[in-house]
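If you want the building blocks of each chain, they are given just below.
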Amino acid sequence: MHPLAKQLFLEMAMARNPAKAAPMQAYMKTDQAFYGIQAKERKAIFKRCAAEHRVDSMEDYQEIVRTLWGGEHREDMYQALEVAEYFKTFRTTDAWKMHCDLVHSAPHWDTLDWVAGKLISELVLLDRARFDPQLILWSKDSNRWVRRASLLAHLHHKEKTNRDLLGDTIRLLMPEKEPFIRKAIGWVLRDFANTDPLWVIEFARHHEENLSALSRREALKRLDHDDEL
């Protein structure tokens, strides 16, 4: 095991707080154990450990992420994502397969949104010809978190947003009654509204009958009321 992963496991175990673990587990409605370490303390542990260990290769980077991701506690998975995000040198197209594996094994929104919104969305921009077809496949996946990822992978693309693919994905998924899908539709539209509000307003208007109230509300809530009419 890489020394960074080993130290993170050790320090997280030492910092466990059973009194907080149960409420955190209940909040996420999961059987997976929690250490009971809240975000501020967890991030401090990560920064301290990351400062003490070098990660010199893509192989080490992926080994650390996969090792932590496979940990018993949810916060181990969070630390895996801290590693994946922190070592920017290795956030390249060569890491796509690993990040895809994270998407397909993410247990809930807390992990999926981090992978899709912060990591996958960045990688997509590096090679659209290769990765946009993957997003199309994800939009048809039986796993709701993978379908959610097909939407959130468009976050933060701004003027580089693939409007056609974004629109097609939303049209495919907007009949779903799954709240996490409806929320994601609204989220990605709201994000793109910061770049092209007229496109979002027109899209919402054109699909008013099929776009859920939740998606529409989330999409338009930062726009001026007059623009929504």
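Visitor: Even after reading the chapter, I still don't get the overall build of the protein chain, so can you show me in this structure?
Guide: Of the regular secondary structure elements, the protein chain holds 14 helices and zero strands. Reading the protein chain from its N terminus to its C terminus gives the helix and strand order α-α-α-α-α-α-α-α-α-α-α-α-α-α. With the C-alpha coordinates of the protein chain rotated into their principal frame, the extents come out at 55 × 40 × 30 Å. Within the protein chain, the proportion of its 229 residues that are buried is 52%. Here the analysis covers contacts within the protein chain between residues at least 6 apart in sequence; of these, 71% occur between residues at least 24 apart. Accessible surface, the protein chain: about 11,400 Å² in total, of which carbon and sulfur atoms supply 52%.

Visitor: Help me out: how do you make sense of the side chain of serine 139 in this one?
Guide: Looking at the secondary structure, you find serine 139 in helix H8 (residues 128-139). Only 2.6 Å separates the side chain of serine 139 from the backbone oxygen of isoleucine 136, close enough to count as a polar contact. Every residue in contact with serine 139, bar those within four places of it in the chain, is listed here: Arg147, Ser150, Thr169, Leu172 and Leu173.

Visitor: Any chance you could explain the packing of helix H7 (residues 109-126) against helix H9 (residues 144-152) here in plain terms?
Guide: With their axes 9 Å apart at the nearest point, H7 and H9 run at an angle of 35 degrees to one another. In the crossing of H7 with H9, the sense of the turn from one axis to the other is right-handed. Judged by residue contacts, Trp109, Leu112, Asp113, Ala116, Gly117 and Ser121 of H7 engage Trp145, Arg148, Ala149 and Leu152 from H9. Residue composition of the contact of H7 with H9, by class: six nonpolar, two polar and two charged.

Visitor: So what exactly am I meant to see when it comes to the nonpolar core here?
Guide: Soluble globular proteins tend to bury their nonpolar side chains together. Formed by 76 residues in total, the largest nonpolar core has its most connected members in Tyr61, Val83, Trp138, Ile170 and Ile185. Looking at which element gives the most residues to this core, the answer is H7, with eight residues. With sequence-adjacent residues up to four places away left out, tyrosine 61 is seen in contact with Val55, Val83, Ala84, Phe87, Phe90, Arg91, Ala95, Met98 and His99.

Visitor: Just to check I follow, could you spell out the packing of helix H10 (residues 163-173) against helix H11 (residues 179-193) for this structure?
Guide: Think of two packed helices as two axes; the pair is described by the angle between the axes and how far apart they sit. The interhelical angle for the contact between H10 and H11, taken along N-to-C directions, is 155 degrees, at an axis separation of 10 Å. By the criterion of interaxial angle, the relationship of H10 to H11 is roughly antiparallel. Taken as a pair, H10 and H11 cross one another with a handedness that is left-handed. Here Arg163, Leu166, Ile170 and Leu173 of H10 come into contact with H11, specifically with Ile181, Ile185, Val188, Leu189 and Phe192.

Visitor: What is the right way to look at the packing of aromatic side chains in this model?
Guide: A ring pair, where both rings are aromatic, is described by two values, the distance of the centres and the angle of the planes. Following the criterion strictly, the structure yields eight aromatic pairs and no others. Summarising the aromatic geometry, the rings of tyrosine 86 and phenylalanine 87 are spaced 4.9 Å apart at their centres and angled 90 degrees between planes, so their arrangement reads as edge-to-face. Aromatic ring contacts, followed pair by pair, group Phe46, Tyr86 and Phe87 into a single cluster.

Visitor: Mind showing me how you'd approach the pattern of salt bridges here?
Guide: Side-chain pairs of opposite charge can arise where the charged atoms are in close proximity. Under the definition given, this model contains 18 salt bridges. Two residues, aspartate 110 and arginine 74, come together in a salt bridge whose shortest N-O distance is 2.9 Å. Taken as a pair, aspartate 110 in helix H7 and arginine 74 in helix H5 (residues 74-86) lie far apart in primary sequence, 36 residues in all. Across this residue pair, the class does not change: aspartate 110 and arginine 74 are buried. With its nearest N and O atoms 2.7 Å apart, the salt bridge here joins glutamate 218 to arginine 190. With glutamate 218 in helix H13 (residues 213-220) and arginine 190 in helix H11, the pair connects residues that are 28 residues apart, well separated along the chain. Arginine 190 shares its class with glutamate 218; the two are buried. Salt bridges here are not isolated pairs; linked through shared partners, they connect Lys183, Arg190, Glu218 and Lys221.

Reading guide: rules and limits
Residues numbered from 1 in each chain as written. Predicted model: local features only at pLDDT ≥ 70, side-chain atom pairs only at ≥ 80, totals over all residues. Heavy atoms only, no water. Helix = DSSP H or I, 4+ residues; strand = E, 2+ residues; numbered from the N terminus. Buried < 20%, exposed > 50% of the residue type's maximum accessible area, 1.4 Å probe, protein only. Contact = heavy atoms within 4.5 Å. Areas by Shrake-Rupley, 256 points an atom, 1.4 Å probe, with all protein chains shown as cover. Polar contact = N/O pair within 3.5 Å; in protein donor to acceptor, adjacent residues only side chain to side chain. Axes fitted to C-alpha atoms, helices over the stretch in contact; angles between N-to-C directions. Left-handed = near helix turned anticlockwise from the far one by under 90°. Nonpolar A, V, L, I, M, F, W, Y, C, P; charged D, E, K, R; others polar. Core = buried A, V, L, I, M, F, W, Y, C linked by side-chain atoms within 4.5 Å. Parallel < 35°, antiparallel > 145°, perpendicular 65-115°, else oblique. Phe/Tyr/Trp six-rings, centres within 6.5 Å; stacked < 30°, edge-to-face > 60°. Salt bridge = Lys/Arg side-chain N within 4 Å of Asp/Glu carboxyl O.

Function cannot be inferred from these measures alone, as they are strictly geometric.
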